[in-house]
Amino acid sequence: MPDVADRTLQPTRRVTGDVDPAHPLDTTHPLLRGLEGFWLPLPSTSGGSRLYDLSSKRHHTSIVNNPSWGADARVETPGINFTGTEYAETGIKQSDKKPTTFAKYYTIGAQYQNERSGYFSSGNDDRFYLGQFAQGNSMIWGVGSDFLEGSNIPDSGALISLIGTIDEDGGEARLYLNGERDASSTSPSLPKLSLKILLGARKEDSGVTQYMTGKLFAAMISTQPYNDRQAAAWHDQARRGFPDLLRTRSSPTLVSTSGGGGAVSLAPNDLQHGHTLGGTSLGVSYDLAAQDLTHTHVIEES
């Protein structure tokens, strides 16, 4: 069975223009376990000052300081231009020390004094932060008073995915750049946040500072710690427009069963798509082993 990080979905599904507004995410997908927020601007929800959370938590937010929007030929969805004055408050303030994953898909902008690339942060030593301190620096994943520093330095204008994750309080923290592990360390202490997490800037007791430059296309916060395979799979989804994470208006209805498994009802002409555990049904297979879930899609055009 192909590795979840190495598989290629053919043909790529173009779904962003037909996302189901009532249930935009396929919450049965293994990458979306423990989801706290998933901000993905779609054609129908972009162009204003609102940033919509597609998760069931509905952490919708306003982007401060009148952001502009733009397209990138490399990306399926619109992006928000952060020029060093804009930010958005996610509404998430973690009151318990939980495993955590932050993920972003964005382009690196030119940075100036007190500005950052791709900042995703909450303040002081009681904090998380994920991004780049300044142009020419490597990427960082800060957890509490500790931080990881990667070894790779992306060019200005580069389109990247950046993921920071920690298994548990005192466990291993990992930083992933474009789906590959860039740094790791053990024993950082998870912070108990007193300030809400910002996209595009750093929140401190004294106010907002250290703004981001760059164009943001997607961001996610989850309490599921990502391993190497999951980080590679999230990067693959990001570069293809998240086709396996989004549900369209014609997607099969998801039906829960008493045994906790997944089932689907199929309408005529729908892509045949079924879920089973420990087996294969209608072109989708799951294999559970040692906390890794291999998820393979085979699509046949009817």
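Each chain carries its own residue numbering, running from 1 in the written order of its sequence. Local features in this predicted model are restricted to residues of pLDDT 70 or higher, and side-chain atom pairs are both shown and tallied only at a pLDDT of 80 or more, whereas totals for entire chains, interfaces and linings draw on every residue. Only hydrogens and water are set aside when side-chain values are computed; all heavy atoms of the structure are taken into account.

To continue, consider the pattern of salt bridges. Whenever a carboxyl oxygen of Asp or Glu lies within 4 Å of a side-chain nitrogen of Lys or Arg, that contact is scored as a salt bridge. According to the stated counting rule, one finds 11 salt bridges in the structure shown. Across the pair E172 and R181 runs a salt bridge, and its minimum N-O distance is 3.5 Å. For R239, the salt bridge identified is with D236, shortest N-O distance 2.7 Å. Of the two residues, R239 and D236 both sit in helix 1 (residues 228-239), 3 residues apart, roughly one turn of that helix. A 1.4 Å probe rolled over the protein chains alone gives each residue an accessible area, and that area as a share of the maximum for its type sets the label: buried under 20%, exposed over 50%, partly exposed in between. Judged by relative accessible area, R239 falls into the partly exposed class, the value being 45%. Exposure remark for D236: the relative accessible area of 6% places this residue in the buried category. Within the structure, one salt-bridge network assembled from shared partners comprises D167, E172, R174, R181 and D228. Under the DSSP-based scheme used, a helix requires at least four consecutive residues in state H or I and a strand at least two consecutive residues in state E, with every element numbered from the N terminus.

Glancing now at the pairing of strand 5 (residues 79-83). Across the 5 residues that make up strand 5, a large majority, 4, are buried. Between any two strands, pairing holds if DSSP finds at least two bridges. Alignment of strand 4 (residues 68-70) against strand 5, held across 3 bridges, turns out to be antiparallel. Counterpart to G70 in the pairing with strand 5 is G79. As paired strands, strand 5 and strand 18 (residues 211-222) are joined by 4 bridges and run antiparallel to one another. Residue pairing for strand 18: I80 is matched across the bridge by L216.

Per-chain confidence: the protein chain averages 77 in pLDDT, with 74% of residues scoring 70 or above. Residue-level confidence of the predictor is summarised by pLDDT, bounded by 0 at the bottom and 100 at the top. Here, two residues are considered to be in contact whenever any of their heavy atoms come within 4.5 Å of each other. Segment residues 1-13 is flagged for pLDDT under 50; beyond a separation of four residues in sequence, or across chains, it makes 33 contacts in the model. Of the regions scoring below 50 in pLDDT, residues 256-302 engages in 89 contacts with residues more than four places distant in sequence or in other chains.

Glancing now at the side chain of S138. If you trace the backbone, S138 turns up in the loop between strand 9 (128-132) and strand 10 (139-143). Given the relative accessible area of 7%, S138 is considered buried. Whenever a nitrogen or oxygen atom comes within 3.5 Å of another N or O atom, the pair is scored as a polar contact, on the condition that within protein one atom can donate a hydrogen and the other can accept it, and that pairs from neighbouring residues in sequence are kept only if both atoms are in side chains. Among the polar contacts made by the side chain of S138, one reaches the main-chain carbonyl oxygen of G150 at a distance of 3.0 Å.

Note on ring pairs: Phe, Tyr and Trp rings are taken, using the six-membered ring of Trp, and paired if centres are within 6.5 Å. Classes follow the plane angle, with under 30 degrees stacked, over 60 edge-to-face and the rest tilted. Per the counting criterion, the structure on display carries 10 aromatic pairs. For the pair Y87 and Y211, a centre-to-centre distance of 6.2 Å together with 50° between the ring planes defines the contact as tilted. Note that Y87 is positioned in strand 6 (residues 87-89) and Y211 in strand 18, a separation of 124 residues in sequence. This pair shows no difference in class: Y87 is buried, exactly as Y211 is. Residues W234 and F242 carry aromatic rings whose centres are separated by 5.3 Å and whose planes lie at 65° to one another, so their mutual orientation is edge-to-face. Chaining the aromatic ring pairs together yields one cluster made of F102, F120, F128 and W141. Note on criteria: charge over ring means Lys NZ or Arg CZ within 6 Å of the ring centre, with the direction from the centre no more than 35 degrees off the ring normal. Sitting over the ring of Y52, R50 keeps its end group 5.7 Å from the ring centre.

Counting residues in each nonpolar core, the largest one holds 35 residues, and the members touching the most others are F120 and W141. Within this scheme, the nonpolar core is defined by two criteria: the residues are buried Ala, Val, Leu, Ile, Met, Phe, Trp, Tyr or Cys, and they are joined through side-chain atoms within 4.5 Å. Core analysis: the second largest hydrophobic core is formed by 26 residues, A103, Y176, A233 and L246 among them.

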